[in-house]
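Working through the structure, step by step
Residue-level listing of the chains:
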Protein chains: 2
Amino acid sequence: MARLDNITDYLIAPQPSATGLTRAVTGTDQNGTKIDLNVVEERPLTIYLNSQEIVTAMTIGDYPEYLALGFLRNQGMLRNGEVIKGVDYDDELSVVVVRTDGQTTYEDKLKKKTRTSGCAVGTVFGDMMEGLDDVTLAPTPVKTSDLYTLAAKINRTPSLYLEAGAIHGTVLCQGDRPLVYMEDVGRHNAVDKIAGWMLSEGVTADDKVLYTTGRLTSEMVIKTALMGIPVLASRSGFTAWGVEIAQQVGLTLIGRMKGQRFVCLAGEDRLIRDADPSQIENEPPKSGRKGSK
Amino acid sequence: MARLDNITDYLIAPQPSATGLTRAVTGTDQNGTKIDLNVVEERPLTIYLNSQEIVTAMTIGDYPEYLALGFLRNQGMLRNGEVIKGVDYDDELSVVVVRTDGQTTYEDKLKKKTRTSGCAVGTVFGDMMEGLDDVTLAPTPVKTSDLYTLAAKINRTPSLYLEAGAIHGTVLCQGDRPLVYMEDVGRHNAVDKIAGWMLSEGVTADDKVLYTTGRLTSEMVIKTALMGIPVLASRSGFTAWGVEIAQQVGLTLIGRMKGQRFVCLAGEDRLIRDADPSQIENEPPKSGRKGSK
């Protein structure tokens, strides 16, 4: 596919050539020929909430403040409306501190660690399902024409995903416009960075679509619902529990999106099928993540 | 590719039709047509070491005992040569208890939680690099003819990976023979199940190859090295730190294996290029994980 280097939709677009995100390594191929590759960097970042060390995350390191904010928010460690006094990132120590006024219940949450299935550490402190009972997702309709447009734009956007592999991307979208495209070695980091950006910028979730390259597992669905985003779409597949949670919470869940195809397994009622699928271009065989299937 | 349902190499092969591993769900496709899919089940399993609750893992639930043993071993919570008195799985409570005689240092390890990038929760208690200094990997040679044979056999094996998507597989191999093929919603669970099996059966690692569908991140490389397996191969890509650790610890790291192609980024000295790559069949375009790219 032709790269569209000048998509002006994005507020935040991937920066695959940015310093420090990839590194050149040399290997040998099947013929014994030297081959140079760009591979993705991952580095540890320790997240603090006030004086409490919470976790060390492995990340490509492009948006440490958003990652910290979004992680804490998505783990339920920041209450709704909690005032963020500041977010301090120390590059040398690889530490980021989120400062608030309130007392948080993080000690309780730290005790209950759930190892989930998601790409990236899916450490879900506290009860995974806690908070979902309070969630009501906006009935905002979503047009299939917009979904096809989004997928086409996203697939054409230069990114680490396409360049260096071993990475997942998640994109916050509105209508037919991709807004914020975050990448990381783990898809949960990518989602958390988006949550951190939304919190930081005071952006509403009701009219947004979250598009991800990763699988639609229970943790992805829970995060998306807790972020208040009513539509979650992916190229990839589903788990049964991911589907079940989406159905229970009324989230529109669309997976296996490739070319004209997709499957909607929950929240069918938001979908407006205004596009003729047969008119949608099939993806060229080389679409998708480099270096993996 | 033709499915080879009677590959007799496997000691443990995937059981994609086994009850409870997948569930039928109904959705609608792009044309609004009802479509039935099999999607993978994930369920929580709480792992105890003696009386200490360690973690709750989301898993497809096929080998809870191996998962618990392997997880604890790979997190460094079981010392080398530690006597396992028993492994008790309670299906109703979704709990598995690994019982030993010794005192373990798990409290220290529980304090240091690292969120890593890997598929499946990459919660790496304790210092991630701890233990790598003591690792010496056997110089066992590996033939490219064997690697090509393994990839072909593994790609043809019926599995949840191929059937239902949203899952990762890891296979313990010896020579040109795949031995133990574990799958799970997260690749770290799949690796841990293999480690648990090896521990349970008293199987040596020196002459083994670990093949995975997932990405070659730092955590995957560390686990493989700590398991004593000298060769790690994947269809997928690498991260820079994964490559660096492999080089430091002397592990043979081979990625982007598709058809005749691969890239070796570490441990080149074990490789015997005895196959002519041009004679290796290209993969048909539909190889690889269903429902994802």
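Definitions and cut-offs
For every chain, the first residue of the written sequence is number 1, and numbering continues from 1 onward in sequence order. Key to labels: chains lettered from A, ligands numbered from 1, both in the order written. Note on the predicted model: pLDDT of at least 70 is required for a residue's local features to be given, and 80 or more for side-chain atom pairs to be given and counted; whole-chain, interface and lining totals, by contrast, use all residues. As a rule here, side-chain values come from all non-hydrogen atoms in the structure, and water together with hydrogens is ignored. Helix numbering and strand numbering both begin at the N terminus, where a helix is a DSSP run of H or I of at least 4 residues and a strand a DSSP run of E of at least 2. Between buried and exposed lies partly exposed: a residue is buried under 20% and exposed over 50% of the maximum accessible area for its type, with that area taken using a 1.4 Å probe on protein chains only. All accessible areas in this document rest on Shrake-Rupley with a 1.4 Å probe, and a residue is counted as covered only by the protein chains that are shown. Two residues form a contact once any of their heavy atoms are found within 4.5 Å. Throughout this description, a polar contact denotes any pair of N or O atoms lying within 3.5 Å of each other; where both atoms belong to protein, one of them has to be capable of donating a hydrogen while the other can accept it, and for residues adjacent in sequence the pair is counted only when both atoms sit in side chains. Annotation comment: domain bounds sourced from an automatic or database domain assignment. In short, buried area is how much 1.4 Å probe accessible area vanishes from two parts on joining, totalled over both. One side-chain nitrogen of Lys or Arg within 4 Å of one carboxyl oxygen of Asp or Glu is enough to make a salt bridge. Amino acids outside the nonpolar list (Ala, Val, Leu, Ile, Met, Phe, Trp, Tyr, Cys, Pro) and the charged list (Asp, Glu, Lys, Arg) are all regarded as polar, and Gly is one of them. Centres within 6.5 Å make a pair out of two Phe, Tyr or Trp rings, where for Trp the six-membered ring is used; the pair is then stacked when the planes are under 30 degrees apart, edge-to-face when over 60, and tilted otherwise. Should DSSP find at least two bridges between two strands, the strands are regarded as paired. With axes taken as lines fitted to C-alpha atoms, and helix axes fitted only over the stretch in contact, angles between N-to-C directions fall between 0 and 180 degrees. Geometric relationships in this document are graded by angle, where less than 35 degrees denotes roughly parallel, more than 145 denotes roughly antiparallel, 65 to 115 denotes roughly perpendicular, and other angles denote oblique. Note: crossing handedness is left-handed where the near helix turns anticlockwise from the far helix by less than a right angle, and right-handed where it turns clockwise.

1. Points about the overall build of chain A
From N to C terminus, chain A includes seven helices and 15 strands. Looking at the 293 residues of chain A, the share that counts as buried comes to 62%. Carbon and sulfur atoms make up 45% of the accessible area of chain A, which totals about 11000 Å².

2. Things to note about the environment of Ser51 of chain A
All names here are of chain A. By the secondary structure assignment, Ser51 is in the loop between strand S3 (43-49) and strand S4 (52-59). The class of Ser51 is exposed, set by a relative accessible area of 68%. Along the primary structure Ser51 and Asp269 are separated by 218 residues, whereas in three dimensions their C-alpha atoms are 45 Å apart.

3. Looking at the environment of Thr28 of chain A
Looking at the secondary structure, you find Thr28 of chain A in strand S1 (residues 22-29). For Thr28 of chain A, a relative accessible area of 13% puts it in the buried group. Those residues in contact with Thr28 of chain A that lie beyond four places of it in its chain are Thr33, Lys34 and Ile35 of chain A together with Phe262, Val263, Cys264, Glu268 and Arg273 of chain B. Of the polar contacts made by the side chain of Thr28 of chain A, one reaches the side chain of Glu268 of chain B; its length is 2.4 Å.

4. Considerations on the domain arrangement of chain A
Often, the extent of an interface is quoted as the loss of accessible area on bringing the components together. All names here are of chain A. When cut into domains, chain A gives domain 1 (43-129) and domain 2 (136-279). Between domain 1 and domain 2, the contact holds 25 residues from the first and 30 residues from the second. The junction of domain 1 with domain 2 conceals about 2100 Å² of combined surface from both sides, 64% of it contributed by carbon and sulfur atoms. Between the two partners, domain 1 and domain 2, sit one salt bridge. Measuring nitrogen to oxygen at the nearest pair gives 2.5 Å for the salt bridge that ties Lys193 to Asp62. Between the two partners, domain 1 and domain 2, sit five residue pairs in polar contact (both at pLDDT 80 or more). Elements supplying a minimum of two residues to the side of domain 1 that touches domain 2: S4 and helix H1 (64-74). If one sorts the elements of the side of domain 1 that touches domain 2 by residue count, H1 sits on top with seven residues. Residues that form the side of domain 1 that touches domain 2 fall into these classes: 14 nonpolar, nine polar and two charged.

5. A closer look at the packing of aromatic side chains
Residues and elements named next belong to chain B. Enumeration over the complete set of coordinates arrives at six aromatic pairs over all chains. Taken together, a centroid distance of 6.2 Å and an interplanar angle of 55 degrees make the contact between Tyr148 and Phe262 tilted. Of the two residues, Tyr148 is situated in helix H3 (residues 144-156) and Phe262 in strand S14 (residues 261-266); the sequence distance between them amounts to 114 residues. For the pair formed by Tyr148 and Phe262, the shared burial category is buried.

6. Some points on the pairing of strand S2 (residues 34-40) of chain B
Every regular strand shows the same layout, with side chains that alternate between the two sheet faces. Residues and elements named next belong to chain B. Bridge analysis of strand S1 (residues 22-29) against S2 gives seven bridges, and the strand direction is antiparallel. Pairing of Gly27 across the sheet is with Ile35, part of S2. In sequence, S1 turns back onto S2 through a hairpin of four residues, with Gly32 there showing a positive phi of about 80 degrees.

7. Let's talk about the sheet that holds strand S9 (residues 168-174) of chain B
Spatial ordering of the open sheet is given by S2(A)-S1(A)-S14(B)-S13(B)-S12(B)-S11(B)-S9(B)-S10(B), a layout of eight strands whose pairing is mixed. Because the sheet does not close on itself, it has two edges, and the strands there are strand S2 (34-40) of chain A together with strand S10 (177-184) of chain B. Averaged over all neighbouring strand pairs, the angle between strand axes comes to 30 degrees, with direction disregarded. Contacts from H3 of chain B reach S9, S10, strand S11 (208-212), strand S13 (252-258) and S14 of chain B within the one sheet, and its direction differs from that of S10 of chain B by about 45 degrees.

8. What to know about the packing of helix H6 (residues 218-226) of chain B against helix H7 (residues 240-249) of chain B
Residues and elements named next belong to chain B. Two elements in contact, H6 and H7, have axes separated by 7 Å at closest approach and are oriented at 25 degrees. In terms of their interaxial angle, H6 and H7 are classed as roughly parallel. The crossing of H6 and H7 is right-handed. Two secondary-structure elements touch here, H6 through Ser218, Val221, Ile222 and Ala225 and H7 through Trp241, Gly242, Ile245, Ala246 and Val249. The residue inventory of the contact of H6 with H7, partitioned by class, reads seven nonpolar, two polar and no charged.

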